[in-house]
There are 2 protein chains.
Amino acid sequence: MKNVIVGQSGGPTAVINSSLLGVFKTAKTMGAKTVYGMRHGILGLLKKDLVDLGTVIRSELDMDLLKRTPSSFLGSCRYKLPDPSSDEKTYKDIFGYLTELGIDAFFYIGGNDSMDTIAKLSDYGARIGSGIRFVGVPKTIDNDLAVTDHTPGFGSAAKYVATTVKEIIRDGLVYDYPVVSVIEIMGRNAGWLTAAAALAKGEDCEGVDAVYLPEHVFDERKFLERTSELLNGRSAVIAVSEGVKTADGRYVCEAGRSVDYVDAFGHRQLDGTARHLAALVANKFKIKTRAIELSSLQRCAAHISSRVDMTEAFNVGAAAVKAAAGGMSGIMIALDRVSDDPYICVTHPCDVKSVANIEKKVPLEWITDDGTGVSDEIVHYIYPLVQAEIAPLWVEGLPHHILPLKR
Amino acid sequence: MKNVIVGQSGGPTAVINSSLLGVFKTAKTMGAKTVYGMRHGILGLLKKDLVDLGTVIRSELDMDLLKRTPSSFLGSCRYKLPDPSSDEKTYKDIFGYLTELGIDAFFYIGGNDSMDTIAKLSDYGARIGSGIRFVGVPKTIDNDLAVTDHTPGFGSAAKYVATTVKEIIRDGLVYDYPVVSVIEIMGRNAGWLTAAAALAKGEDCEGVDAVYLPEHVFDERKFLERTSELLNGRSAVIAVSEGVKTADGRYVCEAGRSVDYVDAFGHRQLDGTARHLAALVANKFKIKTRAIELSSLQRCAAHISSRVDMTEAFNVGAAAVKAAAGGMSGIMIALDRVSDDPYICVTHPCDVKSVANIEKKVPLEWITDDGTGVSDEIVHYIYPLVQAEIAPLWVEGLPHHILPLKR
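Residues numbered from 1 in each chain as written. Chains lettered and ligands numbered in written order. Predicted model: local features only at pLDDT ≥ 70, side-chain atom pairs only at ≥ 80, totals over all residues. Heavy atoms only, no water.

**Some words on the overall build of chain A**
Phase 1 of the analysis: A tally of regular secondary structure across chain A gives 12 helices and 13 strands.
Phase 2 of the analysis: In summary, chain A has a C-alpha radius of gyration of 22 Å against a globular reference of 22 Å for 407 residues, a match within 12%.
Phase 3 of the analysis: Taken along the three principal axes of its C-alpha coordinates, chain A extends 70 × 45 × 40 Å.
Phase 4 of the analysis: Considering only intrachain contacts with a sequence separation of at least 6, the fraction spanning at least 24 residues in chain A is 76%.
Phase 5 of the analysis: Carbon and sulfur atoms make up 50% of the accessible area of chain A, which amounts to about 14,500 Å² in all.
Phase 6 of the analysis: When the 45 basic and 51 acidic side-chain charges of chain A are each reduced to a single mean position, those positions are 6 Å apart. (Helix = DSSP H or I, 4+ residues; strand = E, 2+ residues; numbered from the N terminus. Rg over C-alpha atoms; globule rule 2.2 N^0.38 Å. Contact = heavy atoms within 4.5 Å. Areas by Shrake-Rupley, 256 points an atom, 1.4 Å probe, with all protein chains shown as cover. Lys, Arg positive; Asp, Glu negative; His and termini not counted. Charge placed at Lys NZ, Arg CZ, Asp CG, Glu CD.)

**Notes on the pattern of salt bridges**
Phase 1 of the analysis: Tallied over the entire structure, the rule returns 36 salt bridges over all chains.
Phase 2 of the analysis: Of the charged contacts in the structure, one is a salt bridge between Asp340(A) and Arg337(A), with a shortest N-O distance of 2.7 Å.
Phase 3 of the analysis: Judged by its relative accessible area of 43%, Asp340(A) is partly exposed.
Phase 4 of the analysis: With its nearest N and O atoms 3.0 Å apart, the salt bridge here joins Lys120(B) to Asp116(B). Taken together, the residues span about one helical turn, with Lys120(B) and Asp116(B) both in helix H5 (residues 112-128) at a distance of four residues.
Phase 5 of the analysis: Asp116(B) sits in the buried class, given a relative accessible area of 8%.
Phase 6 of the analysis: The structure contains a network of salt bridges with shared partners spanning Asp64(A), Lys67(A) and Arg68(A). (Salt bridge = Lys/Arg side-chain N within 4 Å of Asp/Glu carboxyl O. Buried < 20%, exposed > 50% of the residue type's maximum accessible area, 1.4 Å probe, protein only.)

**Observations regarding the interface of chain B and chain A**
Phase 1 of the analysis: Each side of the interface is counted separately: chain B has 80 residues, and chain A has 80 residues.
Phase 2 of the analysis: Both faces considered, chain B and chain A share a buried interface measuring about 6,900 Å² in area, 54% of it formed by carbon and sulfur atoms.
Phase 3 of the analysis: Put simply, chain B and chain A have four salt bridges between them.
Phase 4 of the analysis: Residues Arg299(B) and Asp171(A) are paired through a salt bridge, measuring 2.7 Å at the closest nitrogen-oxygen approach.
Phase 5 of the analysis: Here chain B and chain A share 35 residue pairs in polar contact (both at pLDDT 80 or more) between them.
Phase 6 of the analysis: The set of elements that each furnish at least two residues to the side of chain B that touches chain A consists of helix H6 (154-171), helix H9 (273-285), strand E9 (288-293), helix H10 (297-300) and strand E13 (398-399) of chain B.
Phase 7 of the analysis: For the side of chain B that touches chain A, the element with the most residues is H6(B), which contributes 10 residues.
Phase 8 of the analysis: Among the residues forming the side of chain B that touches chain A, the class breakdown is 36 nonpolar, 22 polar and 22 charged. (Buried area = accessible area lost by both parts, 1.4 Å probe. Polar contact = N/O pair within 3.5 Å; in protein donor to acceptor, adjacent residues only side chain to side chain. Nonpolar A, V, L, I, M, F, W, Y, C, P; charged D, E, K, R; others polar.)

**Quick look at helix H1 (residues 16-29) of chain A**
Residue and element names in this part refer to chain A.
Phase 1 of the analysis: Its 14 residues give H1 an end-to-end C-alpha distance of 20 Å, which sits within 8% of 20 Å, the value for a rise of 1.5 Å per residue.
Phase 2 of the analysis: Burial of H1 is extensive: 11 of the 14 residues sit out of reach of the surface.
Phase 3 of the analysis: Along H1, the residues that are buried comprise Ile 16, Asn 17, Ser 18, Ser 19, Leu 20, Leu 21, Gly 22, Val 23, Phe 24, Thr 26 and Ala 27.
Phase 4 of the analysis: Looking at the buried side of H1, the elements it contacts are strand E1 (3-8), strand E2 (35-38), helix H3 (60-67), strand E4 (103-110), strand E5 (133-138) and helix H11 (307-325).
Phase 5 of the analysis: Gly 31 lies just past H1 and shows a positive phi near 95°. (Expected span 1.5 Å × (residues − 1).)

**Focus on the relation of the copies chain B and chain A**
Phase 1 of the analysis: Overlaying chain B on chain A yields an RMSD of 0.0 Å, the required transformation being a rotation through 180° with an accompanying axial translation of 0.0 Å. The superposition operator between the copies reduces to a two-fold rotation axis.
Phase 2 of the analysis: Interface overlap between copies is the fraction of interface residues in one copy that are interface residues in the other; for chain B against chain A it reaches 100%, indicating a shared surface. (Least-squares fit on C-alpha atoms with pLDDT ≥ 70 in both.)

**Some details on the nonpolar core**
Phase 1 of the analysis: Core analysis: the biggest nonpolar cluster contains 88 residues, and Ile382(A) and Ile382(B) have the highest contact counts within it.
Phase 2 of the analysis: Ile382(B) has contacts with Phe154(B), Ala158(B), Trp192(B), Ala195(B), Ala196(B) and Leu199(B), leaving out every residue within four places of it along the chain. (Core = buried A, V, L, I, M, F, W, Y, C linked by side-chain atoms within 4.5 Å.)

**Let's talk about the packing of helix H1 (residues 16-29) of chain B against helix H3 (residues 60-67) of chain B**
All names here are of chain B.
Phase 1 of the analysis: Interhelical geometry of H1 versus H3 gives an angle of 145° and a closest axis separation of 7 Å. Listed contacts from H3 to Asn 17, Ser 18, Leu 20, Leu 21, Phe 24 and Lys 25 of H1 are Met 63, Leu 66 and Lys 67.
Phase 2 of the analysis: Residues that form the contact of H1 with H3 fall into these classes: five nonpolar, two polar and two charged. (Axes fitted to C-alpha atoms, helices over the stretch in contact; angles between N-to-C directions.)

**Here we look at the sheet that holds E2(A)**
All names here are of chain A.
Phase 1 of the analysis: Overall, mixed pairing links the seven strands, which are arranged E3-E2-E1-E4-E5-E10-E11 in an open sheet. Two strands lie at the open edges of the sheet, namely strand E3 (50-52) and strand E11 (343-351), each paired on one side alone. If you compare each strand with its neighbour and ignore which way they point, the axes differ by 30° on average.
Phase 2 of the analysis: Of the strand pairs in this sheet, E2 and E3 are connected by three bridges, and their pairing is antiparallel. Pairing of Gly 37 across the sheet is with Val 51, part of E3.
Phase 3 of the analysis: This element, H1, spans E1, E2, E4 and E5 of the sheet and lies at about 180° to E1. (Pairing = 2+ DSSP bridges.)

**Examining the confidence of the model for chain A**
Residue and element names in this part refer to chain A.
Phase 1 of the analysis: When pLDDT is averaged across chain A, the result is 94; 96% of the residues are at 70 or more.
Phase 2 of the analysis: Counted against residues more than four places away or in other chains, residues 258-267, with its pLDDT under 50, gives 19 contacts.
Phase 3 of the analysis: The ipTM, which scores confidence in the relative placement of chains, is 0.96 for this predicted complex, and the corresponding pTM is 0.96. (pLDDT = per-residue confidence, 0-100.)

Here it is in structure tokens:
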């Protein structure tokens, strides 16, 4: 290997930098001279805003800090490459620059949008006879990538969700009057992460009382009926996906919005679901309610990462480099669960087009018929992914992170 | 010692059960036959709803689980004893029942309301010549108790706040466009916990850009001016107390309320401050904003407790038993910081009346003149309280807790 380049795209996860380390360390071991990092994904490449990763990851300590550091170390973007038929100049620029840098292999750590970037670049490269290999490295807390058994980043987010939900359930036992807690969990269209709330149940915890995923139509009347059944002089904890929608296709959170958060990019913020439902319950049953949004901590609470997840995140990065070194391109490294118990999982390359732009949702047979719970199958599926811990490097009482890149 | 009784009152903390263990273990060591626990505080005593703690804390493992379990193990209440002059029957009932149970000493783990209970009971006991000792054990995440240097429960909440704020700051660096994150932190009238956000700053973290405490009048115009200074093509993270008020005495959150959450007890829920301010910023500057409420996890995220805090919580419980055994009554065990560096802190008894019903606020000289930050003094004050860790007992990938009491 000569030089390689790597970027991170889309929303971060608690272990996305473990994949970056997997790429960096393996490429160095395999003889890469320079490992370039794109600042803010492909945008950094277009702007020639790169960093020589060897100058910022300088020691074993740096490596151990990097893999424990949340957020995308290189920065991220949400940018979709244009189609080469409509804008070939962008591709010419990219390939010209990559050639100038002496790049052998290009790695992109991201979700299904990022795999579209890998697909387009490898297709274009094949067309012009470029020898550069393009390999995708999966990540997302949403676990919505196709082909792969699960996605790095999901396990740590699931561990955070299950742990905090368990703590909130215990907290709810404190008073001698009923309290309904509604916990809002990320997942616009796929309910994987919300389903992780079901893992809180165990010999020391009663578990959540209801779970609502976006795959099932949400009905406010049935929600209130179910809540009334739950309330029997006792408290209840309800987990709900931010993305639940009513039969007319409207997000539940849109009903509970005082100020409309439409950001500069026209994206609506999908919060307010828990708040709206908690207000409904409070008004209907005249009891105390709490709305809890787990918010961006789901993707950045690196202090409670899953070691299984962190290891797999590293492994997909490392496998991507090995696949590229073996001449593969236009692929993504997927995870293949060989065995459930004992849990054994291996990496394998798959055609990136079988992943790009596709959302994998929770199968309806893993949701109870009334839409208020999940089956044991999904608990068994998630369970191995939240196992084992990796302690932060505690400095001055707080988890220490690698120094951020200079702006 | 014959028998003793203990209760927990007010909002829980991550280490309130460490104080319970301090009482239980020390009383047992000192020869107490039965250690009774009141279910849901003094209400449990009035209803004769007690538990023999020896039947539920049966092993060393139980003890280690108990101190790592969030929420009040015995349950809690928010009940203020009537004045004996208006309702002597309640007191006669309590003392009659305590005598029947052969109680030597009564311990109450709580905040300034709970210390009022200790004051009233010890006064009444002295009047009727009862030999029962009444001792208060401090706890609160708000750190608003008088006399004591700080309050057990605060250090763990501060560690949670500083850690998660640090993770959120890192998360905010991910995109190449500015994002303003507004983080709402508990503290109705006292800003101690919000000030803990300032601890995120270090060599690996730029820290929060502004901190707003309830001790300083909040001015929306100045807030927007300050935010506009911060935004310089870069992201900003702002920590704000849920209890900030404008000059006319209104809570800022009341402005941002779509549905009014007044619970069955007439308490308004103080959330919505971050949401309101984030909407203000989004509308004014047309940029992406995020509102993050740290919510009840501040008091129940036992997975990231401070070991200093947990040890001190145990110590105040243990010291309470020793003080009672030495014949003291009508006192609370306070913490006395003997030295800042190295940090050395001892327990000492104080008159419970010097604590009851008083709120200790952040001194104004620890807040910057413009009200947008805190001084180094408060960071130095909080710093030792968040030091050192105590790992959860991880079982099946999640922190394990002691079995909850049966309803």
